[in-house]
Each structure stands twice: as structure tokens, then as C-alpha cells.
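Okay, here's what each chain looks like letter by letter:
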Amino acid sequence: MGRIEQIDKWESEHVNWSGLIHVFIGLGIAWLLALIWQGYSVISLALGILFSVAGMAGLVYPLFAKR
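Please read these numbers as outputs of a predicted model, since none were measured by experiment. (Residues numbered from 1 in each chain as written. Predicted model: local features only at pLDDT ≥ 70, side-chain atom pairs only at ≥ 80, totals over all residues. Heavy atoms only, no water.)

Novice: Sorry, what's going on with the overall build of the protein chain here?
Specialist: Scanning the protein chain for helices and strands turns up three helices and zero strands. Mapped from its N terminus to its C terminus, the protein chain presents α and β elements in the order α-α-α. Since a compact globule built from 67 residues should have a radius of gyration of about 11 Å, the 14 Å found for the protein chain marks it as more spread out than a globular shape. With the C-alpha coordinates of the protein chain rotated into their principal frame, the extents come out at 45 × 15 × 15 Å. Evaluated residue by residue, the protein chain yields a buried proportion of 25% over its 67 residues. Once local pairs closer than 6 in sequence are excluded, the contacts in the protein chain between residues at least 24 apart make up 58%. One way to put it: in the protein chain the 4 positive side-chain charges average out to a point 11 Å from where the 4 negative ones average out. (Helix = DSSP H or I, 4+ residues; strand = E, 2+ residues; numbered from the N terminus. Rg over C-alpha atoms; globule rule 2.2 N^0.38 Å. Buried < 20%, exposed > 50% of the residue type's maximum accessible area, 1.4 Å probe, protein only. Contact = heavy atoms within 4.5 Å. Lys, Arg positive; Asp, Glu negative; His and termini not counted. Charge placed at Lys NZ, Arg CZ, Asp CG, Glu CD.)

Novice: What should I look at first to understand helix α1 (residues 3-13) in this one?
Specialist: Each α-helix winds once per 3.6 residues, and so residues spaced three or four apart point in a common direction. By the burial criterion, the buried members of α1 are Gln6, Ile7, Trp10 and Glu11. Viewed end-on, α1 has its buried residues packed into an arc of 125 degrees, placing them on one side of the element. Facing away from the buried side of α1 by more than 90 degrees, the exposed set consists of Ile4, Ser12 and Glu13. Those residues of α1 hidden inside the fold are in contact with α2 (15-38) and α3 (42-60). (Arc of directions from axis to C-beta.)

So this is what it looks like as C-alpha cells:
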């Protein structure tokens with residue numbers, strides 16, 4: 001089984017986790033896009049990076065989760 005299939009299978013069994021992770025990624029993108037409208041802001045940059053990294057880590061987590 002490939003990595004993508006493994007992630008898809010795990011997320012189909014853990015739909016709440018999948019939803020939360022996609023919300024985190026969306027918030028990260030939103031905070032990074034807020035930099036365009038607000039001008040450079042350390043808070044927007046930090047929150048954008050934080051949520052994006054947390055979301056990406058959550059997407060990779062199924063590869064290391066115990067079965």
C-alpha cells in the first residue's frame with residue numbers, strides 16, 4: 001500500500017481528526033493571506049506558520065500511527 005493510500009485509509013477511519021487537520025491548514029493559509037491586507041505583521045506570520053505546520057504534521061501523522 002502506498003503512502004497516500006495509507007493516509008486516505010487512516011483518515012477515512014478518523015473523520016474528526018481529518019476535519020480538524022484541514023481546518024488547521026485553512027487557518028494557516030488564512031493567516032498568511034492576511035499579511036497581504038494587513039501589511040507585514042509578526043502575529044499574522046507566526047500564526048500562519050504555526051497553523052500550517054500543525055496541519056502538515058497532522059497530515060503526516062497517519063504514516064507513523066500504530067495500527
